[in-house]
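Residue strings, one per chain:
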Amino acid sequence: MNMFIQPECQWKQENGSAMHQWIKQQLNPNPNDVDIVVYGAHLSYASGASTKAQYPTAFRKAWPSFQSYNLDEQINLRALSVVDIGDVAIHEQDRMLSESAIEAAAENLSITFQKSFTCLIGGDHAITACSLKGIKNAFPQDRIGIIQIDTHLDARNQEEVGLAQDSPIHQLMAAGVVEGKHVYNVGLHGFFNSPEMIHYAREQGIHMITLKQMRRDGIQLTIREMLRQLMYEVDRIYVSVDLDALDIMFARDVPAATPGGLTAYELFDILKLIGENEGVRHIDFVYTDPKEGVLRPETVKIGVTAFLQWLTGIQLDHRNRISKKGKVML
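Remember, predicted model here, so these are calculated numbers, not experimental data.

The rules behind these values
- Residues numbered from 1 in each chain as written.
- Predicted model: local features only at pLDDT ≥ 70, side-chain atom pairs only at ≥ 80, totals over all residues.
- Heavy atoms only, no water.
- Buried < 20%, exposed > 50% of the residue type's maximum accessible area, 1.4 Å probe, protein only.
- Helix = DSSP H or I, 4+ residues; strand = E, 2+ residues; numbered from the N terminus.
- Pairing = 2+ DSSP bridges.
- Axes fitted to C-alpha atoms, helices over the stretch in contact; angles between N-to-C directions.
- Left-handed = near helix turned anticlockwise from the far one by under 90°.
- Contact = heavy atoms within 4.5 Å.
- Nonpolar A, V, L, I, M, F, W, Y, C, P; charged D, E, K, R; others polar.
- Parallel < 35°, antiparallel > 145°, perpendicular 65-115°, else oblique.
- Salt bridge = Lys/Arg side-chain N within 4 Å of Asp/Glu carboxyl O.

Chemist: Got a minute to help me understand the pairing of strand S9 (residues 183-188) in this structure?
Modeler: Two faces make up the sheet, and in a regular strand the side chains alternate between them. Extensive coverage of S9 is indicated by the burial of 6 of its 6 residues. Judged from the 4 bridges that link them, strand S8 (residues 144-149) and S9 form a sheet pairing that is parallel. Following the sheet pairing, glutamine 148 is matched in S9 by asparagine 185. Here 4 bridges tie S9 to strand S10 (residues 207-210), and the two strands are oriented parallel to one another.

Here it is, written out as structure tokens:
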């Protein structure tokens, strides 16, 4: 079976500046021609084991609403080669096979597109552990750092809670994929993490950076310092964006969204800064699916904008590097 299948939402390739016109949809692109690889994983257990995640399809359907030009930064993202290679072929009734499929897909992409950034659209947080295990399989000698943008630590002991989507960090540490000291959890706030989980995170050396602390010290300064520290300690950085980090006012249909979370504007700034750091090779956007009903267009558009802000950071970094080379030549 092919690792990837064509997405439910496909767009006719044509000239233009809207997202669906400049992002290519190809199952087998030439790795030398790709800056960013986008793929989806419909794994979701928000409403039961057989529920299919809505966000990968909703994400693509929203593309005509967005242009490639970022007016705030005065930069055109069409300069980046972004390819959507489809969705991981998962088994909706078999969790173990589905997770293995995502792991294998992430490994394959990491090896095939070594010079590219990878972006996984989900799905619940279980896909983060699968993706990172695949990346570790591809680069077993690499030390991997994680920046987890999340309201929750997501570090429950699987042996105690069973197969739960909110334990990816515990899974990864238990499997030796990452060390606790290389995990930075940002956006924590309020009354949404148990004392036991906080104690476990402290024992493991996980860096817990509360939203209150980030706002006090300055979000830009906090993110830049975090990236600087990780660049010294690891070989590649993975960012997981759990959209429940947003304040519930910005994401009413995200199941675990809470009061007091990030504003959309704060999330956009964080993603742009992350994109500007070349050490961040992989990213995912997860946990958007509501427990019932369909995703609100507002939530989908916030997620797409966050993705575009990450691309903006990458393009700004490319432009700055070219500018510096030009000055050296002069």
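Chemist: Explain the packing of helix H9 (residues 219-233) against helix H10 (residues 264-275) to me, please; I cannot follow it from the model alone.
Modeler: Helix-helix packing: each pair is described by the crossing angle between the helix axes and the interaxial distance. Axis separation between H9 and H10 bottoms out at 10 Å; the angle between their running directions is 30 degrees. Crossing handedness for the pair H9 and H10: right-handed. Only Glu266, Ile270, Leu273 and Ile274 of H10 make contact with H9, whose side of the interface consists of Ile219, Gln220, Ile223, Arg224 and Leu227. Its residues assigned to classes, the contact of H9 with H10 comprises 6 nonpolar, 1 polar and 2 charged.

Chemist: Sorry, what's going on with the packing of helix H3 (residues 95-112) against helix H4 (residues 126-138) here?
Modeler: The contact between H3 and H4 brings their axes to 7 Å, and the two run at 45 degrees. Classified by the angle between their axes, H3 and H4 sit oblique to one another. Along this stretch, H3 crosses H4, giving a crossing that reads as right-handed. Residue-level contacts link Arg95, Glu99, Ile102, Glu103, Ala106, Glu107, Ser110 and Ile111 of H3 to Ala126, Ile127, Cys130, Ser131, Lys133, Gly134, Ile135, Asn137 and Ala138 of H4. Among the residues making up the contact of H3 with H4, the classes are represented as 8 nonpolar, 4 polar and 5 charged.

Chemist: What is the right way to read the pairing of S8 from this model?
Modeler: Across the 6 residues that make up S8, a large majority, 6, are buried. Looking at chain direction, S8 and strand S11 (residues 236-242) are connected through 6 bridges and run parallel. Across the sheet, isoleucine 149 pairs through a bridge with valine 241, a residue of S11.

Chemist: Looking at this structure, I do not really get the pattern of salt bridges. What am I missing?
Modeler: Across all of its chains, the model carries 12 salt bridges by this definition. As a salt-bridge pair, aspartate 87 and arginine 60 come within 3.0 Å of each other at their nearest N and O atoms. With aspartate 87 in strand S6 (residues 82-88) and arginine 60 in helix H2 (residues 55-61), the pair connects residues that are 27 residues apart, well separated along the chain. Residue classification places arginine 60 among the buried residues on the basis of a relative accessible area of 2%. The residue arginine 215 makes a salt bridge to glutamate 266 at a minimum N-O spacing of 2.8 Å. Here arginine 215 is found in helix H8 (residues 211-217), whereas its partner glutamate 266 is found in helix H10, with 51 residues between them in sequence. For arginine 215, a relative accessible area of 40% gives the class partly exposed.

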